[in-house]
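Report on the structure
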Amino acid sequence: MAVYTVLIPEAAPGEAPPPERIVFLREGFSTPAFLFGPLWLLWRRAWLPAVLWTAALALSLGGGVALGINAAAASVLQLALGLLLGLEGPRLVVWSLERKGYTESAVMVAARIDEAEDVFFANWRPSGVLPTTAAPSGGRAAMRSVIGGLFEEPRA
């Protein structure tokens, strides 16, 4: 099972964001981020993290040459930076999307992304909350967040 973070773009007041702009981002280690580094960030349109990551790689290579670090140590440093990006790359993409006005809306647990999308869109309301059938003592309908995944929420 994989964990997907759902990011929803800003929309005009009273309007739902277009469903095609909603982003499902798989959490966990990213092999493409590990292998391709800044190119993966550019593919995900995380421009600022891509530039900063490229600068970090260039600084590590240039600093290694300037300090006289041997090739084996420089390779280990590059491998460590690749592992770090593989582990934290999805969070950098989330950070970049949040800077563009996206908000984290839900966390989905599913075997595949299409299952996560199906569950999310079956329960999604533009406001991001679902009313429950039980009304609290105040007379207003109780609201709960959209949550999808392994366990079904109890119904009132």
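Refer to the structure presented above.
Fair warning: this is a prediction, and the values are worked out from it, not measured in the lab. (Residues numbered from 1 in each chain as written. Predicted model: local features only at pLDDT ≥ 70, side-chain atom pairs only at ≥ 80, totals over all residues. Heavy atoms only, no water.)

**Considering the overall build of the chain**
Check the secondary structure of the chain and you find five helices and five strands. Each helix and strand of the chain, ordered N terminal to C terminal, gives the series β-β-α-α-α-α-β-α-β-β. Counting over 156 residues, the chain shows a buried share of 31%. Counted over contacts in the chain with a minimum sequence separation of 6, partners at least 24 positions apart contribute 61%. (Helix = DSSP H or I, 4+ residues; strand = E, 2+ residues; numbered from the N terminus. Buried < 20%, exposed > 50% of the residue type's maximum accessible area, 1.4 Å probe, protein only. Contact = heavy atoms within 4.5 Å.)

**Regarding the packing of helix α3 (residues 47-67) against helix α4 (residues 71-99)**
Across the interface, α3 lies against α4 with an axial gap of 9 Å and an inter-helix angle of 160°. As the angle between them shows, α3 and α4 are arranged roughly antiparallel. The way α3 lies across α4 gives a crossing that is right-handed. Here Trp47, Leu48, Pro49, Trp53, Ala56, Leu57, Ser60 and Leu61 of α3 come into contact with α4, specifically with Leu77, Gln78, Leu81, Leu84, Leu85, Leu92, Trp95, Ser96 and Arg99. Here the residues of the contact of α3 with α4 are counted per class, giving 13 nonpolar, three polar and one charged. (Axes fitted to C-alpha atoms, helices over the stretch in contact; angles between N-to-C directions. Parallel < 35°, antiparallel > 145°, perpendicular 65-115°, else oblique. Left-handed = near helix turned anticlockwise from the far one by under 90°. Nonpolar A, V, L, I, M, F, W, Y, C, P; charged D, E, K, R; others polar.)

**A look at the side chain of Ser30**
As for its position among the elements, Ser30 is in the loop between β2 (23-26) and α1 (31-36). Not counting residues up to four positions away in its chain, the partners in contact with Ser30 are Trp40, Gly86 and Pro90.

**Here we look at the environment of Ala2**
Among the secondary structure elements, Ala2 is positioned in strand β1 (residues 2-8). Ala2 sits in the buried class, given a relative accessible area of 4%. Sequence spacing of Ala2 and Glu27 is 25 residues, and the spatial spacing of their C-alpha atoms is 7.3 Å. Apart from the residues lying within four places of it in its own chain, the contact partners of Ala2 are Arg26, Met108, Val109 and Ala110.

**Observations concerning the nonpolar core**
It is characteristic of soluble globular proteins that their nonpolar side chains tend to be buried jointly. Of all hydrophobic cores here, the largest spans 16 residues; its most connected members are Leu7, Leu41, Trp53, Val93 and Leu97. Among the elements of the structure, β2, α2 (38-43), α3 and α4 are those that each provide at least two residues to this core. Ranked by residues supplied to this core, first place goes to α4 with five residues. Each residue touching Trp53, except ones within four places of it in the same chain, is listed here: Pro38, Leu41, Leu81, Leu84 and Leu85. The next biggest cluster of nonpolar side chains, apart from the first, holds 12 residues, and it includes Ala2, Met108, Ala116 and Phe120. (Core = buried A, V, L, I, M, F, W, Y, C linked by side-chain atoms within 4.5 Å.)

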